[in-house]
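# Understanding the architecture of this molecule
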Amino acid sequence: MRHRIAVVGGGPAGLTFARVLHRHGRPVAVLERDPSPDSRPPGGTLDLHEGLGQRALDKAGLLAEFQALSRPEGQAMRILDAAGTVLRDWKPGPDERANPEIDRGQLRDLLRDSLDVRWGREVTRVVPGTGDGVLVQFADGRQETFDLVVGADGAWSRVRPAVSPVTPQYTGVTAVETSLDDVDTRHPDLARLIGDGSVSVYGVNRSLVAQRNSGGHVKVYARLRAPLDWHAHLDLADAEATRSGLLALFDGWAAPVLDLLGHGTAFAHRPVYVLPGSHTWTHVLGVTLLGDAAHLMPPLGAGANLAMLDGAELAEAIAAHPDDLDEAVRAFEEQMWARAAGWSRITTAGLERLVSPDPAEALALFDQVQPS
Ligand SMILES: Cc1cc2nc3c(=O)[nH]c(=O)nc-3n(C[C@H](O)[C@H](O)[C@H](O)COP(=O)(O)OP(=O)(O)OC[C@H]3O[C@@H](n4cnc5c(N)ncnc54)[C@H](O)[C@@H]3O)c2cc1C
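Residues numbered from 1 in each chain as written. Predicted model: local features only at pLDDT ≥ 70, side-chain atom pairs only at ≥ 80, totals over all residues. Heavy atoms only, no water.

To continue, consider the sheet that holds strand β7 (residues 117–118). In spatial order, the strands read β7-β2-β1-β11-β19; together these five strands make up an open sheet with parallel pairing. Across the chains shown, the open sheet's two edge strands, defined by having one partner strand only, are β7 and β19 (287–289). By the bridge criterion, three bridges tie strand β1 (residues 5–8) to strand β2 (residues 29–31) in an arrangement that is parallel. Across the sheet, residue Ala 6 finds its bridge partner in β2, namely Ala 29. (Pairing = 2+ DSSP bridges. Helix = DSSP H or I, 4+ residues; strand = E, 2+ residues; numbered from the N terminus.)

Structural data, given as structure tokens:
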């Protein structure tokens, strides 16, 4: 039987799901809110782990393409204290492929090739149990019915309310993001400070992290423990006011480190929200969730990896049970919940240590998880 399957969201979770299902000869509609692939900047770089994101890409038949595009040298990590002293300077060996980096845009293009992505389809509501299946309502007033609707629409999922009343909660840690272009030619001192991968500087309840993307582009994140409205007195659209506000918050840090904040022309506020680590729901016929929509956790390098593996595994489960779609979804959900709960504990504890009253905690975490 041919089921009508839709996935809401063309991020890492939704595209991996669609790609693996497509590989098994099963049609799936990808419903994406963005009007086109290039309608907004795709975001920063992602490290894809061998046993998670890379495993998903293998299931999608894209591992070789990923290896050709990804940046193993981007795994390099340097850690400084607020005085600018280098505390750790880790570089990957020549064959180190555990967590290579790839730009989000490159990953998206890799995954979406040959898929039927319907751009400009913003879903507003999903209504299960309508007799003819699950009703999907769109912002433009259209509606369509499917046998299975997979919510891969990220942190603020519009599919999630169909299965769960839970919403993301603020962690108490926020971030302000800016970026640098052509860093090697325009900011050679910063390029040296950042190295081939990332530099992280830890202070009391604060950090500055700069990470290379491809083509000399760098994302800079200022993280701090603060109330959600800490910027009430600042207009974040005013780059100079935001820069001054941030520099005041990092007062006393070494000048070469603060220079990371000195050149960005736009700043975006990115508070860290999470879903409870124990988030599950009573199974609902015809609707499920993947990735951040199901298990939003602190951004410590796991979210996209889990999202992709969720997508690949749900697709494989559906392909393996062509006559029992619901059983495939139920079994998948149990597996996803167990894995996500473990990673949620790890990343939540990690965030506590990375933005901590004691900066030595961040260094201890690095020494614990990083191969020497
Ligand atoms: C600064 C930062 C750095 C990170 N670094 C890493 C890293 O190195 N490694 C890692 O594994 N993870 C990382 N993460 C986490 C990772 O970005 C997320 O976990 C991952 O993107 C989740 O993928 P997803 O497909 O579930 O959701 P998303 O990536 O959020 O994709 C959701 C998609 O759904 C679409 N959408 C949303 N609402 C609707 C709607 N109503 N209708 C239709 N479409 C809709 C969106 O446009 C989007 O395309 C990082 C996160 C941050 C913030």
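What follows concerns the packing of aromatic side chains. For the structure on display, the rule yields four aromatic pairs. Ring plane angle 55° and centroid distance 5.9 Å describe the contact between Tyr 170 and Tyr 273, whose orientation is recorded as tilted. Separated by 103 residues along the polypeptide, Tyr 170 in strand β12 (residues 169–170) and Tyr 273 in strand β18 (residues 273–274) bring together distant segments of the chain. Residue class for Tyr 273 comes out partly exposed when judged on its relative accessible area of 22%. With a centroid separation of 4.8 Å and 85° between ring planes, the pair formed by Phe 250 and Trp 253 is classed as edge-to-face. Assessed through its relative accessible area of 0%, Phe 250 is described here as buried. In this structure Trp 253 comes out as buried when scored by relative accessible area, which is 11%. Put simply, the rings of Trp 156, Tyr 170 and Tyr 273 touch in pairs and so form one group of aromatic residues. Here the guanidinium or amino end of Arg 121 rests over the ring plane of Phe 138, the centre of that ring lying 4.8 Å away. (Phe/Tyr/Trp six-rings, centres within 6.5 Å; stacked < 30°, edge-to-face > 60°. Buried < 20%, exposed > 50% of the residue type's maximum accessible area, 1.4 Å probe, protein only. Lys NZ or Arg CZ within 6 Å of the ring centre and 35° of its normal.)

A word on the sheet that holds strand β15 (residues 206–212). The seven strands are arranged β5-β4-β14-β15-β16-β13-β17 in an open sheet whose pairing can be described as mixed. Of all the strands in the sheet, just β5 (86–90) and β17 (268–269) have a single pairing partner and so form its edges. Strand direction decides the pairing type here: strand β4 (residues 77–81) and β5, joined by four bridges, are antiparallel. In the strand pairing of β5, Met 77 is matched with Trp 90. Most of the contacts of helix α12 (residues 360–369) go to β5, to which it runs at about 20°, and overall it touches β4, β5 and β14 (198–203). (Contact = heavy atoms within 4.5 Å. Axes fitted to C-alpha atoms, helices over the stretch in contact; angles between N-to-C directions.)

Geometric values such as these leave the question of function open.
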